[in-house]
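# Results of the structural survey
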Amino acid sequence: GLTVLSNYTFAKSIDTSSYNKQTGQTVTDPYSRAVDRGVSDFNHTHVFTFSGLWNLPVKPTNPFMKAVVAGWQLSGIVSLLSGEPFSVYSNVDNARSGTGSQRADVIANPYLSGNRSRGAEVAAWLNPAAFTVNALGTFGNSGRNRFVGPGLASTDIALEKEFRPVEKLGVQFRAEAFNAFNHPNLMNPDNGVGDGNFMMINSAFDPRILQFAIRIKW
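Summarised in this report is the structure supplied together with it. Note that the coordinates shown come from a computational prediction; the quantities given were computed from them, not determined experimentally.

### Description of the sheet that holds strand 4 (residues 46–55)
Across the sheet, which stays open at both edges, the 6 strands sit in the order 1-4-5-10-11-12 with antiparallel pairing between neighbours. In this open sheet, the two strands that pair with only one neighbour each are strand 1 (2–10) and strand 12 (209–217). Adjacent strand axes in the sheet meet at a mean angle of 10 degrees when their direction is disregarded. Note: strand 4 against strand 5 (residues 73–81), 9 bridges, orientation antiparallel.

### Quick word on the pattern of salt bridges
What the rule picks out here adds up to 7 salt bridges. Put simply, Asp41 and Arg144 hold a salt bridge, and the shortest N to O gap is 3.3 Å. Here the residue Asp41 occupies a position in the loop between strand 3 (38–39) and strand 4, and Arg144 occupies one in the loop between strand 8 (131–132) and strand 9 (147–148), the gap between them amounting to 103 residues. A residue is classified by how much of its surface remains accessible, and Asp41, at 27% relative accessible area, is partly exposed. Salt bridges sharing common partners tie together Asp15, Asp41 and Arg144.

### Some remarks on the nonpolar core
With 14 residues, the main nonpolar core has Phe86, Val88, Leu126, Phe131, Phe147 and Met199 as its most contacted residues. If we skip the residues at most four places from it in the chain, Leu126 touches Phe86, Pro110, Tyr111, Leu112, Phe131, Phe147 and Met199.

### Looking at the packing of aromatic side chains
What the rule picks out here adds up to 6 aromatic pairs. Ring geometry for Trp72 and Phe173: centres 6.2 Å apart, planes at 80 degrees, overall edge-to-face. Of this pair, Trp72 sits in the loop between helix 1 (63–69) and strand 5 while Phe173 sits in strand 11 (residues 169–178), placing them 101 residues apart in sequence. A relative accessible area of 18% means that Trp72 is categorised as buried. Taken together, the ring pairs in this structure connect Phe86, Tyr111, Phe131, Phe147 and Phe198 into an aromatic cluster.

### Focus on a nonpolar patch on the surface
Taken together, the side chains of Leu2, Val4, Tyr8, Phe10, Phe48, Phe50, Trp54, Leu74, Leu80, Ile157, Leu159 and Phe181 present a nonpolar region at the surface, about 1200 Å² in accessible area. For the nonpolar patch, the elements supplying multiple residues, two or more each, are strand 1, strand 4, strand 5 and strand 10 (152–166). The element that contributes the greatest number of residues to the nonpolar patch is strand 1, accounting for 4 residues. Turning to its location among the elements, Tyr8 is positioned in strand 1.

Reading the values: the criteria
- Residues numbered from 1 in each chain as written.
- Predicted model: local features only at pLDDT ≥ 70, side-chain atom pairs only at ≥ 80, totals over all residues.
- Heavy atoms only, no water.
- Pairing = 2+ DSSP bridges.
- Helix = DSSP H or I, 4+ residues; strand = E, 2+ residues; numbered from the N terminus.
- Axes fitted to C-alpha atoms, helices over the stretch in contact; angles between N-to-C directions.
- Salt bridge = Lys/Arg side-chain N within 4 Å of Asp/Glu carboxyl O.
- Buried < 20%, exposed > 50% of the residue type's maximum accessible area, 1.4 Å probe, protein only.
- Core = buried A, V, L, I, M, F, W, Y, C linked by side-chain atoms within 4.5 Å.
- Contact = heavy atoms within 4.5 Å.
- Phe/Tyr/Trp six-rings, centres within 6.5 Å; stacked < 30°, edge-to-face > 60°.
- Patch = residues over 30% accessible without salt bridge, like charges linked within 9 Å, V, L, I, M, F, W, Y side chains within 5 Å.
- Areas by Shrake-Rupley, 256 points an atom, 1.4 Å probe, with all protein chains shown as cover.

Structure representation (structure tokens):
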């Protein structure tokens, strides 16, 4: 009555553009697409999932209690993902190319050391003082998608049962909880040099979501 499935993926996807066909107006350097070569926007280096389905072993002898209590199925999936990559942009056209997406220059160690709290990470995911606008005539020395944002951890749980009030009629009840433990999954930080919230994290993925459904089959 118990089925489990687990999977781990270690991967690296590389491209010059993840969601659109680049042109001379969208590439960072119109003379070299290699400037935009980096890990894909959707790349997750580590992905671990664990799922299970359990037919709850409740089998009362009373016919009424059997119809109400027996036959429930509990299922769930745990997803653990490393963070998504992101670039740091200069927000100016110092290359004088007329194209956007010019990246910032890294002038110091961008990583903040030490065992930092969640609040400290939200306030400054990377060291903002380590970045400046690209030098005149250049496209920035920080590569595309060079940095990685916060990881993601989520547990989804579902409980369901099919009732049969009559032989030819089935009523399925399902209760679902997405991100059941309400774990805060942070998005990438603000990545534009000069922004008021530069390197601050001011958004997150969905909190816990509850959903109930009834399906009738005949």
